[in-house]
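For reference, the chains in residue letters:
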Amino acid sequence: MLNLVLFGPPGAGKGTQSQKLIEKYGLIHLSTGDIFRANIGGGTELGKLAKSYIDKGQLVPDEVTINMLNSEVEKHENSKGFIFDGFPRTHPQAKALDKLMQSKDTNISAMIALDVPEDELMGRLKKRALDSGRTDDADPKVIANRIEVYKNETAPVKKYYEAQDKFYAINGLGSIDEITERLFKTVDSLK
Ligand code: ADP
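Reading the values: the criteria
- Residues numbered from 1 in each chain as written.
- Predicted model: local features only at pLDDT ≥ 70, side-chain atom pairs only at ≥ 80, totals over all residues.
- Heavy atoms only, no water.
- Helix = DSSP H or I, 4+ residues; strand = E, 2+ residues; numbered from the N terminus.
- Rg over C-alpha atoms; globule rule 2.2 N^0.38 Å.
- Buried < 20%, exposed > 50% of the residue type's maximum accessible area, 1.4 Å probe, protein only.
- Contact = heavy atoms within 4.5 Å.
- Lys, Arg positive; Asp, Glu negative; His and termini not counted.
- Charge placed at Lys NZ, Arg CZ, Asp CG, Glu CD.
- Axes fitted to C-alpha atoms, helices over the stretch in contact; angles between N-to-C directions.
- Parallel < 35°, antiparallel > 145°, perpendicular 65-115°, else oblique.
- Left-handed = near helix turned anticlockwise from the far one by under 90°.
- Nonpolar A, V, L, I, M, F, W, Y, C, P; charged D, E, K, R; others polar.
- Salt bridge = Lys/Arg side-chain N within 4 Å of Asp/Glu carboxyl O.
- Pairing = 2+ DSSP bridges.
- Core = buried A, V, L, I, M, F, W, Y, C linked by side-chain atoms within 4.5 Å.
- Near = heavy atom within 4 Å.
- Polar contact = N/O pair within 3.5 Å; in protein donor to acceptor, adjacent residues only side chain to side chain.
- Areas by Shrake-Rupley, 256 points an atom, 1.4 Å probe, with all protein chains shown as cover.

Enquirer: Looking at this structure, how should I read the overall build of the chain?
Expert: Of regular secondary structure, the chain possesses ten helices and five strands. Taking 2.2 N^0.38 as the reference for a compact globule, 191 residues should give roughly 16 Å; the C-alpha atoms of the chain span a radius of gyration of 16 Å, in line with that estimate. Viewed in the frame of its principal axes, the chain has a C-alpha envelope of about 40 × 40 × 30 Å. Split into buried and exposed, the 191 residues of the chain put 46% on the buried side. Taking contacts inside the chain between residues at least 6 apart in sequence as the whole, the part at least 24 apart equals 74%. Measuring between centres, the 27 positive side-chain charges of the chain sit 1 Å from its 28 negative side-chain charges.

Enquirer: Looking at this structure, how should I read unusual backbone geometry?
Expert: Most peptide bonds adopt trans geometry, and most residues besides glycine take a negative phi value. With an omega of 0 degrees, the peptide bond running from Phe-87 to Pro-88 counts as cis. Among the structural elements, Pro-88 can be located in the loop between β3 (81-85) and α5 (91-103). Backbone geometry at Asp-105 places phi at a positive 60 degrees, although glycine is not the residue there. Inspection of the secondary structure puts Asp-105 in the loop between α5 and β4 (110-115). In this model, Asp-165 sits at a positive phi of 60 degrees, which is unusual for a non-glycine residue. Mapped onto the elements of the fold, Asp-165 is located in the loop between α9 (157-162) and β5 (167-171).

Enquirer: I tried to follow the packing of helix α6 (residues 118-132) against helix α8 (residues 140-154) on my own but got confused; where do I start?
Expert: Helix packing geometry: the angle between the two helix axes and the distance between the axes. Look at α6 against α8: their axes get within 11 Å of each other, and the N-to-C directions meet at 135 degrees. Here α6 lies oblique to α8, going by the angle between them. Note that α6 runs across α8; the crossing there is right-handed. Contacts from Glu-118, Met-122, Leu-125 and Arg-128 in α6 reach Ile-143, Arg-146, Ile-147 and Lys-151 in α8. When its residues are assigned to classes, the contact of α6 with α8 shows four nonpolar, no polar and four charged.

Enquirer: Can you help me understand the pattern of salt bridges in this one?
Expert: Side chains that differ in charge, positive against negative, can pair when their charged atoms come close. Under the definition given, this model contains 14 salt bridges. Two residues, Glu-45 and Lys-48, come together in a salt bridge whose shortest N-O distance is 3.3 Å. Here the residue Glu-45 and the residue Lys-48 both occupy positions in helix α3 (residues 45-54), the gap between them amounting to three residues, near one helical turn. Lys-48 matches Glu-45 in its accessibility class, with the two residues each being exposed.

Enquirer: Explain the sheet that holds β4 to me, please; I cannot follow it from the model alone.
Expert: Two modes of strand pairing occur in sheets, parallel and antiparallel, and in both the strands are linked by backbone hydrogen bonds. If you trace the five strands from one edge of the open sheet to the other, you get β2-β3-β1-β4-β5, paired in parallel fashion. The two strands at the open ends of the sheet, each matched to only one other strand, are β2 (28-31) and β5. Recorded for the sheet is a direction-independent mean angle of 20 degrees between the axes of neighbouring strands. Two elements, strand β1 (residues 2-7) and β3, share five bridges in a ladder whose sense is parallel. Residue pairing across strands places Leu-4 opposite Ile-83, the latter belonging to β3. Across the sheet, helix α2 (residues 32-41) lies against β2 and β3, angled at about 70 degrees from β2, the strand it touches most.

Enquirer: Looking at this structure, how should I read the nonpolar core?
Expert: What tends to happen in soluble globular proteins is that the nonpolar side chains get buried as a cluster. Core analysis: the largest hydrophobic core is formed by 28 residues, its most contacted members being Leu-69, Phe-84, Leu-97 and Tyr-161. Those elements giving two or more residues to this core turn out to be β1, α2, α3, α4 (62-74), β3, α5, β4 and α9.

Enquirer: What am I meant to see in the site of the ligand here?
Expert: Among the 20 residues in the neighbourhood of the ligand, the closest are listed as Thr-32, Arg-37, Gln-58, Gly-86 and Arg-146. Within the contact set of the ligand, an oxygen atom lies 3.1 Å away from a side-chain nitrogen or oxygen of Arg-128. Within the side chain of Arg-134, one N or O atom sits 3.1 Å away from an oxygen atom of the ligand. Taking 550 Å² as the accessible area of the ligand by itself, protein coverage stands at 96%. Looking at which element gives the most residues to the shell around the ligand, the answer is α2, with four residues. Along the lines of polarity and charge, the residues of the shell around the ligand split into six nonpolar, seven polar and seven charged.

In structure tokens, the structure reads:
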């Protein structure tokens, strides 16, 4: 199996690039942000809980997020592999993901980070707010909080994969196609 963790701050382009990766490698895309938003849209209990955190730019608690991710993986018994997008975002989530992969007799192949400078990110998020309808993109204070949470809790997760020699960073500036090319090269080098 090919199991990729796509990593990067809010606005780095994880969603866009995930689409390219699933087409080329036939993977299942699991975006925790998308799953939470689908639950919010569907008015589920999970959605209501998640919304109370997301609207403030905070992380949804680990236990809730991990349980949700586990059950999503269970839904795809015979997949060729997964792209985890927006997960793991904390150290406990990274450990839980390893445990889950082990229980399936597989492991994480690599964490690939999209490197994008902060001023570029702010610009992209402001632009996205105009057409995404995402409430967490609309308020500069919420955006700033997400970036802060990213720096404090999520960026350190990189060390977890570095210690296992599974961390790869690629330049996230340029055209969508240029970035996709860089990603494909990295993924092909894993095989
Ligand atoms: P972005 O990375 O662009 O901020 P996402 O769509 O990945 O957006 O996530 C939106 C929000 O959903 C996050 O700000 C957070 O509140 C919540 N969320 C997503 N993934 C996780 C996770 N792995 N753990 C905790 N909360 C999460």
